[in-house]
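Spelled out from the first residue to the last, the chains are:
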Amino acid sequence: MLIDFRPHARLRREQPEDCFEASIVPVVTALKGSSTELSKVRVVGDWVHYRNNFRDVVDIRPILPGEDFEIAVDVRRANSSSIGELTSTLLSRQPDRVFLEEWGTGTESLVWRFNALYWSALDLWEKATGRGYEQALPGEESDARNRAAAGELILELFAAWDRLGADAALPEQLYIVELGVGNGGQAKVFLDEFRELDRRHGKGYYARLHYLMCDYSTHVLDLARETVAEHAERVSSFALDATRPRTSLGFMQGKAFLIYISNVYDNLPTDELAYLGGRTYQVHSRAYLPSEEAAALAASVSASVEELPGFVHKLLRLGPSLLADACPGHFPDVEAAIRFWQQAWSILRLDERYVPLSGLDSYTLTDSLTGETLRPLLESGADIRMHVSNGALASFEDSLALLHPFGKLVCHDLFVNDVGDYRTAFRGPGKYDGSVVNWVNGPLLAHVGRRRGFDVNYERFRHRNGGNIVTMTAQARD
Ligand SMILES: C[S@@+](CC[C@H](N)C(=O)[O-])C[C@H]1O[C@@H](n2cnc3c(N)ncnc32)[C@H](O)[C@@H]1O
């Protein structure tokens, strides 16, 4: 049996009996009392710090193709749960679940359709909860709203433009792209600061500025446009998928002086790969509702449990307003459809299993990269499970092509800085209100950026004390 206890820091911070003993020992005791072949078991302890997440306190994950399996325990909840009993029950029979999809890779999961629905119907969700999405972000406010950080960035841009101007090499149009604009709060801070600093600087850059706000939610873009209404002449908005900005912004190739992204990469689809016992696996998942909660949810909309998956898929296809129109017998008004959405999301869990990968070169990372890029990270030591950050990586690669030779990409987000960090703490997925969050594989993005001739640097967000936000900067090497 192999025991992989990942919340290292907790062992020092908590009393051991609050931690290792409460979470792992009962699992081992339950295994001892069962007929399980112990050599086939891995036991994994994670401190799942997201209060809302996709896991049960104890989960069992088959490791294909044989009969090996992993028992995963959420150490945070161990003290308040009967870990031994839960483990024994799971070892003796399959739990009752209402599945919402077939097995698939992380990027294929329907959680991403929930995520997209959240951003496209943000106003309905926020009205129902009385809470804005920013309150769920680290620090309860986007760091992109930080005036000092924006000011510093703008002065760096001015300095670069002054130098280009002195060589008569500064283009007339000065383009800045923001991906994933949310309510436009950060665009407003940036534009307000820009106008003010330009007034003092006296070079008339504001009049030449084109700020391109991009998001896949037209609703979010409408909100953002309203927020920056006083800068309307300087701003355009684009409905696009942040994982493929070039599809709509092809005309910007080599022109953007700044690509600005905050709290978006951690919200883009990702797969997970694992290297266990010298073999590479892909993590497959399928979304389900635990049967007891599913029965209550079905009753709340006068439906049978068997009808639930159909209603969830209808919700994801139509959104809550049209769902209420389409099925008035179950959802008498939009509020009822929103309640169904929020409740389904709150009880939604992910069943997981490990599927062997025949070869890393057969795994597609992005359109232009195979899994071979991951080998040094996966085979860097002991067993590991990591995010591939496919969406963030695709977005990053595509964005680099838009940068002016003196442009830079600046991204505030939750990054894993060292591949070893995947062995010591849980990195997602978690739920932020109606959206999904996964930390971003920083070493992978840096590796890909450097191979393309960019300097990629990470530093802790400097303008706030504490917090986990890191700023990534990518700029063409001199
Ligand atoms: C957590 S919010 C961050 C908003 C803002 N940048 C901030 O820091 O407050 C994530 C934003 O990314 C957008 N987004 C998520 N996935 C996207 C995708 N695939 N393409 C474009 N926009 C996306 C969402 O609509 C939302 O506006």
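In the block above lies the structure referred to throughout.
Quick caveat: nothing in here was measured; it's all calculated off a predicted structure. For every chain, the first residue of its written sequence is number 1, and the numbers climb from 1 along that sequence. This being a predicted model, a pLDDT of at least 70 is required before a residue's local features are given, and a value of 80 or more before pairs of side-chain atoms are given or counted; all residues contribute to the totals for chains, interfaces and linings. Hydrogen atoms and water are omitted, and side-chain values are computed over all heavy atoms in the structure.

**Quick word on the pattern of salt bridges**
This is how the line gets drawn: A pair is scored as a salt bridge if a Lys or Arg side-chain nitrogen falls within 4 Å of a carboxyl oxygen belonging to Asp or Glu. Going along the chain from the N terminus, every DSSP run of H or I of four or more residues is numbered as a helix, and every run of E of two or more is numbered as a strand.
As enumerated under the stated definition, the model contains 33 salt bridges in all. Put simply, R6 and D46 hold a salt bridge, and the shortest N to O gap is 2.9 Å. One end of the pair, R6, is in the loop between β1 (2-5) and α1 (8-13); the other, D46, is in strand β2 (residues 41-46), and 40 residues separate them in sequence. Between K408 and E156 there is a salt bridge, with the nearest N and O atoms lying 2.4 Å from each other. Of the two residues, K408 is situated in strand β17 (residues 403-413) and E156 in helix α7 (residues 147-166); the sequence distance between them amounts to 252 residues. Among the charged side chains, a salt-bridge network with shared partners connects D4, R6, R42, D46, R55, R61, E70, E272, E352, D383 and R385.

**What to know about a nonpolar patch on the surface**
The following threshold applies: Note on patches: the residues involved have over 30% relative accessible area and no salt bridge, like charges join within 9 Å, and the nonpolar side chains Val, Leu, Ile, Met, Phe, Trp and Tyr join within 5 Å. Residue exposure ignores everything except the shown protein chains as possible cover, and the areas themselves are Shrake-Rupley values with a 1.4 Å probe.
Among the surface-exposed residues, M1, I3 and L38 lie close enough to one another that they form a single nonpolar patch of about 230 Å² accessible area. Within the fold, L38 resides in the loop between α3 (25-32) and β2.

**Notes on the nonpolar core**
Which entries qualify depends on this criterion: Buried Ala, Val, Leu, Ile, Met, Phe, Trp, Tyr and Cys residues form a nonpolar core when they are joined through side-chain atoms within 4.5 Å. Only protein chains enter the accessibility calculation, which uses a 1.4 Å probe; a residue whose area is less than 20% of its type maximum is buried, one above 50% is exposed, and one in between is partly exposed. Contact criterion: two residues are considered in contact whenever any of their non-hydrogen atoms come within 4.5 Å of each other.
Within the largest apolar cluster, 134 residues are counted, with the highest numbers of intra-cluster contacts made by F190, F194, Y265, F331, F340 and L409. Filtering out sequence-adjacent residues up to four positions away, L409 remains in contact with I259, I261, Y265, F396, S399, L403, M472, T473 and A474. The next biggest cluster of nonpolar side chains, apart from the first, holds 18 residues, and it includes L31, V41, A78 and I83.

**Digging into the pairing of strand β11 (residues 272-276)**
Heads up, the condition is: Being paired, for any two strands, means DSSP has found at least two bridges between them.
Counting buried residues in β11 gives five out of five residues, a clear majority hidden from the surface. Of the two faces of β11, the one holding E272, A274 and L276 and the one holding L273 and Y275 are both buried throughout. As defined by bridge partners, β11 adjoins strand β16 (residues 384-387) across four bridges and the pair is classed as antiparallel. Bridge assignment links L273 to a residue of β16, and that residue is M386. Where β11 lies against strand β12 (residues 279-290), four bridges are found, and the strand directions are antiparallel. Considered in β12, the bridge of L273 is made with Q282. Two successive antiparallel strands, β11 and β12, enclose a turn made up of two residues, where G277 displays a positive phi of approximately 55°.

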